[in-house]
There are 2 protein chains.
Amino acid sequence: MTPYSPRLTRLIEALRRLPGVGPKSAQRMAFHLLERERDGARALGAALVDALDNIGRCEQCRMFCEDQACRYCSAQRAETGQLCIVEGPADLVAIEQNTPYRGRYFVLMGRLSPIDGVGPEELGLPRLGAMLDAGWVRELILATNPTVEGEATAYYLAEMGRARDIRVTRIAHGVPMGGELEYVDAGTLAHALSGRRSL
Amino acid sequence: MTPYSPRLTRLIEALRRLPGVGPKSAQRMAFHLLERERDGARALGAALVDALDNIGRCEQCRMFCEDQACRYCSAQRAETGQLCIVEGPADLVAIEQNTPYRGRYFVLMGRLSPIDGVGPEELGLPRLGAMLDAGWVRELILATNPTVEGEATAYYLAEMGRARDIRVTRIAHGVPMGGELEYVDAGTLAHALSGRRSL
Ligand SMILES: [Zn+2]
Ligand SMILES: [Zn+2]
C-alpha cells in the first residue's frame, strides 16, 4: 500500500511534472503547501488555470501573449527596423530586462535539431520568411544560444536574411560557449548585444 | 514596465511560493508549463484545488487525512500498543516506507520552539496526553529529529510518558546529528528504529 492517500498521491505526481522536481522535492512541496501555505496553493491552482485559459501565443512573434495586441509587436518597435531572433521566451525576457534593445522579436520556441524532428516548420521559419519579405526589417539580430545547435540555427537564419539582402548580425560571444543565454549576468549580456558583429 | 504580462507575472509569483523555488526557477517553470506541459499544468491546477478541498487533518494523529477513518489510526495498529511521535508528515511516510513499524503515530506538525511561539498547545500535546491517558499505549517511541529543538521536544515528551508509567524509547542515533530524518537513507533509518533504547 502506498503511504499516501489517493489525493495526496495525485498532488505529488502532478508536482513532479514541474521541471527539476524529483519525487522527494514533490513530496516536500505537497506537505509544505498543505501544512503552511494553503493560501499560496489555492493562488497557484487558480493562476495555473487562468494562465492556461488566457495565455496564448502571438501570431507574429510567437511569444506568450494574453492580449489582442502583442506588446512586443507594436508599430513603434517595427520603426527601429530591428528584428531579434531568440530561442525561447526566457531569452526575450533576459534581453528586454538587461539591455536597451527595444526592437521587435521572433521567438523560435526551440532550435533546429533534425535528430529530434525539429526543422524550419516547427520553428515557424516560413512565417519569419514572410515577415522578412514584408520589407520593414533592416537588421536581423541573431541571439540564439552559442551551443552547437544554436550556432547551426543562426547559420540557417543568416542565410534567410542574406537571401533578402538584409543586414544580419550575431550577438557577440561574451556569452561563454556552451552556456545558456538565460543564465548569463546582465553586464555580459548587455556587452554581448552591443558588441554584435555583421555576418 | 515588467517584461511579463499580468497573468504570467501572477503565475510566476504563485510558483515562487513553492519551497526552494527562486525567481529564476519560477520563471523557468512557468515557461516550461506553458510551452511544453500544458496538460501537466492543468492536472496540477486541478490536483491543488482538489487536495485543498478534500485533504484535512486526522483528529487523532494530526496526519493529513482525506477519509472518515484515518488509515494510521486503526484499531489493529492500536493493538501493537506502540505510538510513534514524529515532527512532520514526511517523517511518518519515511518510517512507514522504510521500516516494518506498523503501530500508531502522532504527528506534531513542528517541534517545541519557544522563540518562535511554538509551545505544547501548538503541537497538540494536550490531545497526546489524553491519548496516553486512554491506557492502550505501552510504548511511546520518540522519533523527533536529532537536532537541538528535536531533542528538547523528545525530552518534554519523555516526561509526559514517564508521568504515566509508560515505557519511553528514542530511535537510535544512527541518524547523523543535525540531520533531517526525512532525508536519511532507508537502511540507516531502519537501523535507527530497531536500535531504539529506553529513556
Ligand atoms: Zn508578438
Ligand atoms: Zn490518524
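Everything below is about the structure printed above this text.
The notes below deal with the structure included here. Numbering of residues begins from 1 in every chain and follows the order in which that chain's sequence is written. Key to labels: chains lettered from A, ligands numbered from 1, both in the order written. The predicted origin of the model limits local features to residues at a pLDDT of at least 70 and limits the giving and counting of side-chain atom pairs to 80 or more, whereas totals for whole chains, interfaces and linings rest on all residues. In computing side-chain properties, one takes all heavy atoms of the structure into account and sets aside hydrogens as well as water.

1. Describing the pattern of salt bridges
Here is step 1: Salt bridge, as used here: a side-chain nitrogen of Lys or Arg that lies within 4 Å of a carboxyl oxygen of Asp or Glu. Taken as a whole and judged by the stated rule, the model has 26 salt bridges over all chains.
Here is step 2: The salt bridge involving A:Glu37 is made with B:Arg17; its shortest N-O contact spans 3.0 Å. With A:Glu37 in the loop between α2 (23–36) and α3 (38–54) and B:Arg17 in the loop between α1 (6–15) and α2 (23–36), this pair bridges two chains.
Here is step 3: Three exposure classes are used, based on accessible area relative to the maximum for each residue type with a 1.4 Å probe and protein chains only: buried under 20%, partly exposed in between, and exposed over 50%. Residue classification places B:Arg17 among the partly exposed residues on the basis of a relative accessible area of 36%.
Here is step 4: Between A:Arg77 and A:Glu96 there is a salt bridge; the shortest N-O distance is 2.5 Å. A residue pair is termed long-range when its members are at least 10 positions apart, and A:Arg77 in helix α4 (residues 75–78) and A:Glu96 in helix α5 (residues 89–98) qualify at 19 residues.
Here is step 5: When its relative accessible area of 7% is taken as the criterion, A:Arg77 is described as buried.
Here is step 6: Residue A:Glu96 is classed as buried on the basis of its relative accessible area of 8%.
Here is step 7: Sharing partners across several salt bridges, the network here consists of A:Arg7, A:Arg10, B:Asp50 and B:Glu66. Runs of E in the DSSP output that reach at least two residues are strands. Runs of H or I that reach at least four are helices, and both are numbered from the N terminus.

2. What about the coordination of the zinc ion (ligand 1)?
All names here are of chain A.
Here is step 1: For Na, K and Ca the donor cutoff is 3.2 Å, while for all other metals N, O and S atoms count as donors only within 2.8 Å; water does not appear among the atoms, so some sites may look incomplete. Bound to the zinc ion (ligand 1) are the protein donor atoms Cys58 (SG), Cys61 (SG), Cys70 (SG) and Cys73 (SG), situated 2.3 Å from the metal.
Here is step 2: Every angle between 85 and 135 degrees makes a four-donor site tetrahedral, while opposite donors more than 155 degrees apart, with all other angles between 65 and 115, make a four-donor site square planar and a six-donor site octahedral; other sites are irregular. Note that the zinc ion (ligand 1) binds four donor atoms; their angles at the metal cover 106 to 113°, and the shape is tetrahedral.
Here is step 3: Binding-site remark: the zinc ion (ligand 1) is held by donors from one chain whose sequence spacing is C-x2-C-x8-C-x2-C. The pair Cys61 / Cys70 is uniform in exposure class, with both members buried.

3. Topic: the interface of chain A and chain B
Here is step 1: A contact between two residues is defined here by any heavy atoms of the two lying within 4.5 Å. Taken together, the contact pairs 56 residues of chain A with 56 residues of chain B.
Here is step 2: Both sides of the chain A and chain B interface together cover about 6,100 Å² of buried area, and 62% of this is carbon and sulfur.
Here is step 3: When the area that chain A buries against chain B is broken down by residue, the three leading residues are A:Arg7, A:Arg17 and A:Leu52, summing to 12%.
Here is step 4: Across the salt bridge formed by A:Asp50 and B:Arg10, the nearest N and O atoms sit 3.1 Å from each other. Summed over both partners, the accessible area lost on bringing two parts together, with a 1.4 Å probe, is the buried area.

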